[in-house]
Amino acid sequence: MAHPLATPFDSPLASLGQEDVFARRHIGPNATEIARMCAALGVNDLDDLIGQTVPAGIRLKGAPDLPAALTEHQALERLREIASRNQSKKSLIGLGYYGTLTPPVIQRNVFENPGWYTAYTPYQAELAQGRLEALLNFQQMVSDLTGLDLANASLLDEATAAAEAMAMARRLSKSNANAFFVDENCFPQTLDVLRTRAQGFGFELIVGPASQAVRHTVFGALFQYPGADGGIPDLAPILAALRENGAISAVASDLMALMLLQPPGALGADIALGSAQRFGVPMGYGGPHAAFFATRQAYVRAMPGRIIGVSRDSRGKQALRMTLQTREQHIRREKANSNICTSQVLLANMAGFYAIYHGPAGLKAIAARIHRLAGLLARGLQQAGYTLASTRFFDTLVVRSGKRSDALLAACEQAGYNLRRVSDEALAIAVDETVTLTDIAALLKIFGAADDLAAVDAQRDENAFLPAALLRTDAPLSHPVFNSHHAEHQMLRYLKRLQNRDLALDHSMIPLGSCTMKLNAASEMMPVSWPAFASLHPFAPTEQAAGYRELIDGLAAALRALTGFDAISMQPNSGAQGEYAGLVAIRRYQASRGEGRRDVCLIPRSAHGTNPATAQMCGMQVVVVDCDSQGNVELADLRAKLTEHAERLSALMITYPSTHGVFEESIREICELVHGHGGQVYMDGANLNAQVGLSAPAAIGADVSHMNLHKTFCIPHGGGGPGMGPIGVKTHLAPFLPDHVLAATGEATRANRGQGAVSAAPFGSASILPISWMYIAMMGADGLRQASAVAILNANYIAHRLAPHYPVLYTGRHGRVAHECILDIRPLKAASGISEVDIAKRLMDYGFHAPTMSFPVPGTIMVEPTESESLEELDRFIQAMISIRKEIREIENGNWPAEDNPLRNAPHTQADLADDGWHHPYSRRVAAFPLPWIADNKFWPSVNRIDDVYGDRNLQCSCPPPAAYED
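Residues numbered from 1 in each chain as written. Predicted model: local features only at pLDDT ≥ 70, side-chain atom pairs only at ≥ 80, totals over all residues. Heavy atoms only, no water.

Draft legend 1. Region of interest: the UniProt feature "domain: Glycine dehydrogenase C-terminal" (unreviewed entry) in the chain. Sites flagged by UniProt as "domain: Glycine dehydrogenase C-terminal" (unreviewed entry) map to residues 787-908. Summarising residues 787-908: 45% helix, 8% strand, and an end-to-end C-alpha distance of 36 Å. (UniProt positions renumbered as here; feature names shortened; annotations may be inferred. Helix = DSSP H or I, 4+ residues; strand = E, 2+ residues; numbered from the N terminus.)

Right, here's the structure in full:
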């Protein structure tokens, strides 16, 4: 009789291939568990469930055309082959992207650590005190270096930060002007994005020398400091004159340069912005990088982006939270300051930690070394007879190279250096942290200059290129946090201390509805750190990025196959940016047909706040469409508004499955109605995780859709960024996709050639695209379909198990939900006084992050488990929710007072349990260990419930003294 456990010696030869199917690693429930869950739902199998959930009219008839799935090791080997086609030269191109040395302690313990990169935006602040402190450090760093009162917690990139500054200037300026001035020495990619954004707002852009800004009547102005040519302009008198005229001034700058130069705030700037990339974040072919943004205290309520502030918890202990959220799109919708949802938290944290690790003395030494090497190069070139465009610079020289430019550029590339062509007779060289004396000697030799560095240096004038009048005289970064963690053990333990205060996917599921917190597999993440991907400059010669272009083309082909669209743009570096790029494409298309009058955007009442905020940025009038009692778009109201606005109808923005967690049966009819009235259909891709392999946006009737790669395609959320939001479009919109002024987004014959950009880099945050490439390559068409089906299964299982305890607000025709479900807390609140907030805080005591609160319906919670959670984890969450319902019943029955119970007092901390006295009507065990399994893996919130009102009323957005962190 054969042994019941077969060995390789018992198997046929064909079975000895490496067939460790990745889908089994990514999808949480195994076949036995899936069968058990289907039985609980009363369906035969997954296909039966999908048949009851996804309307037959939109289901795909066959599988998407994708290559066969690879194992993890096969995919890594294939991607390594692709990466090898990139050429890693030392890029001295500048323009906001510079070589940097990431401290290994930060790379290994933050950048490559799931405790940092799998967390979500810190809406539940009690579970996020670690990264909130890290972001507060970032804000303090930016505020110190820019010389302004406060900073936000990052934006997407420097160019879009400049566009946000332009919009903020319009909100603040008392001038009636409709023009915005841009210094001609700004980075070209910034001007490219500004032109796109200005067109949507209807602003006039005036571009010229900085000195001419005051000649124009403008509501605001932007300057580059140092400029694209490396020069350092005298901005103080210009900024003073602009202020006299009622204009708001913004200065785009460089954090490393500001270690030496006078800060923008001291020069009179109202806003300072730029990229924090060179503070330890690899160039990554354009991103992701954290942009910084700072302003004056008086302007804080007009500032875009997330702001971290100091508040206190219920014990009076200092606690941190995101402050002034009423400025943001998820609350103010089309009246918001910006459509920003994702920022760049992970990269902002890295930049802040870089400053902490080096400290002010270390950073100043790095900055001084960069300038000294640039000065050495400049002096050697001058001695060889070359002239410079500016003799006041920090790190960038523009060399008048004359007719030798082409030969010099080629010789430098041959030697391993990329320079920037400024014109036919000028080249730019940007010195960075990675440049060595050997590099300087090599460059001088190529230019035909003496490479005896000692002889060149002997003739230096200490202040020749940075006169004393340009230097800052204060001492930035004086807070103890920047002066305490310079030894690696100190830094390591500080990072670990912060990490321990945060809950991420490495601890438990994060069931946030509409956020898709799924597995970010280690094999998907590994390539991001490979130098072949990490070290490339976004404006390096195209042939040096052959591997990246193959990766991008392959990912685009896969996304086309999965969505049904004809063309893909990889440029948008967040979901909100994808929305913006999609609406811009629609408006460009309609304008090209003489239909520029079409400016009405219909948006269902249930939509994400980014939708109306984005439409407003595109100069569109938002018209809200009602939803019916089942959560669907109300067709009668849609028809009425289509008829009313037919002449001006531009687009409908709709999420599918809907934000109410159901597959609307009438989605095809909705698309046909919009098209019949001359409009376009924008499908928000927030819920694409329920469609992949089952249906396709283009097949349903969408003209354009964005794909959140940081949701559906496994890029981690990073605690609030990075993200990627590429868009897919039908053929007629392809000519209107974003292009780029400095780097082509496709072949010379590309349909969108010359269109304005929406992001700083041509392919957005390109260095995280390998994550999605790996996911698709390892899952294959069958695995992706299975993932979507199991995401739907998991959500329906939770809805079924919790329905006896919490009303499920919306279901489809057969009583099914899509990949998420909304639990109605309003009846419970009416009976007990317990709100969705109380339940969210109590879940922390059970070791879970809360579901999404009060979106899209106030007084509810929305649960999205994703396909990656096992049945065991789902059951733990269900047990926690049922246990909480029993606790609420104790309040309803009068056994616990309405104001003193485990929910109102949640979350409970170690400090609560350590109190000498315990005066609550429930035990310490009920407070901290309400279910037996919690003690095995207890997560302790580091603070009690935070007082949101106090934080907004007592605004503090900088680092408190160290004593404030003590218990």
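So much for the structure itself; the text now carries on.
Draft legend 2. Representation of the environment of Ile-884 in the model. With respect to the helices, strands and loops of the structure, Ile-884 is situated in helix 29 (residues 871-892). When its relative accessible area of 0% is taken as the criterion, Ile-884 is described as buried. Separated by 742 residues in the primary sequence, Ile-884 and Val-142 have C-alpha atoms spaced 42 Å apart. With near-sequence residues (within four places) excluded, Ile-884 lies in contact with Tyr-806, Ile-839, Arg-842, Leu-843, Tyr-846 and Leu-903. (Buried < 20%, exposed > 50% of the residue type's maximum accessible area, 1.4 Å probe, protein only. Contact = heavy atoms within 4.5 Å.)

Draft legend 3. Up close: the environment of Phe-219. Mapping Phe-219 onto the fold places it in the loop between strand 4 (204-208) and strand 5 (220-225). Relative accessible area serves as the criterion here: at 0%, Phe-219 is assigned to the buried category. On a C-alpha basis, the gap between Phe-219 and Phe-180 in space is 5.9 Å, while along the polypeptide they are 39 residues apart.

Draft legend 4. Region of the structure containing the domain arrangement of the chain. Looking at the assigned domains, one finds that the chain contains domain 1 (106-302), domain 2 (357-470) and domain 3 (531-771). When each unit is reduced to the centre of its C-alpha atoms, the spacing between domain 1 and domain 3 is 26 Å. Contact with domain 1, which involves 26 residues of that partner, is made by 43 residues of domain 3. Taken together, both faces of the contact between domain 1 and domain 3 bury some 2700 Å²; the carbon and sulfur share is 61%. Where domain 1 meets domain 3, there are 15 residue pairs in polar contact (both at pLDDT 80 or more). The set of elements that each furnish at least two residues to the side of domain 1 that touches domain 3 consists of helix 6 (114-117), helix 8 (158-172) and helix 9 (188-201). With eight residues, helix 9 is the largest single contributor of residues to the side of domain 1 that touches domain 3. Taken together, the residues of the side of domain 1 that touches domain 3 break down into 14 nonpolar, eight polar and four charged. (Domains from an automatic or database assignment. Buried area = accessible area lost by both parts, 1.4 Å probe. Polar contact = N/O pair within 3.5 Å; in protein donor to acceptor, adjacent residues only side chain to side chain. Nonpolar A, V, L, I, M, F, W, Y, C, P; charged D, E, K, R; others polar.)

Draft legend 5. The sheet that holds strand 24 (residues 852-853), seen in detail. Sheet architecture is open: three strands sit in the order 23-25-24, paired in antiparallel fashion. The open sheet has two edge strands with one neighbour each: strand 23 (821-824) and strand 24. Here strand 24 pairs with strand 25 (residues 860-863) via two bridges, running antiparallel. Considered in strand 25, the bridge of Met-853 is made with Ile-861. (Pairing = 2+ DSSP bridges.)

Draft legend 6. Inspection of the UniProt feature "modified residue: N6-(pyridoxal phosphate)lysine" (unreviewed entry) in the chain at higher detail. According to UniProt, the positions carrying the feature "modified residue: N6-(pyridoxal phosphate)lysine" (unreviewed entry) are Lys-711. If you trace the backbone, Lys-711 turns up in the loop between strand 21 (704-706) and strand 22 (727-729). Leave out the neighbours within four places in its chain, and Lys-711 touches Ser-514, Cys-515, Thr-516, Lys-518, Ala-686 and His-717.

Draft legend 7. Layout of the side chain of Gln-139. Mapped onto the fold, Gln-139 is located in helix 7 (residues 129-146). Those residues within four positions of Gln-139 in sequence are excluded, and the remaining contacts are Ala-151, Asn-152, Ala-153, Arg-306, Ile-307, Ile-308 and Cys-957.

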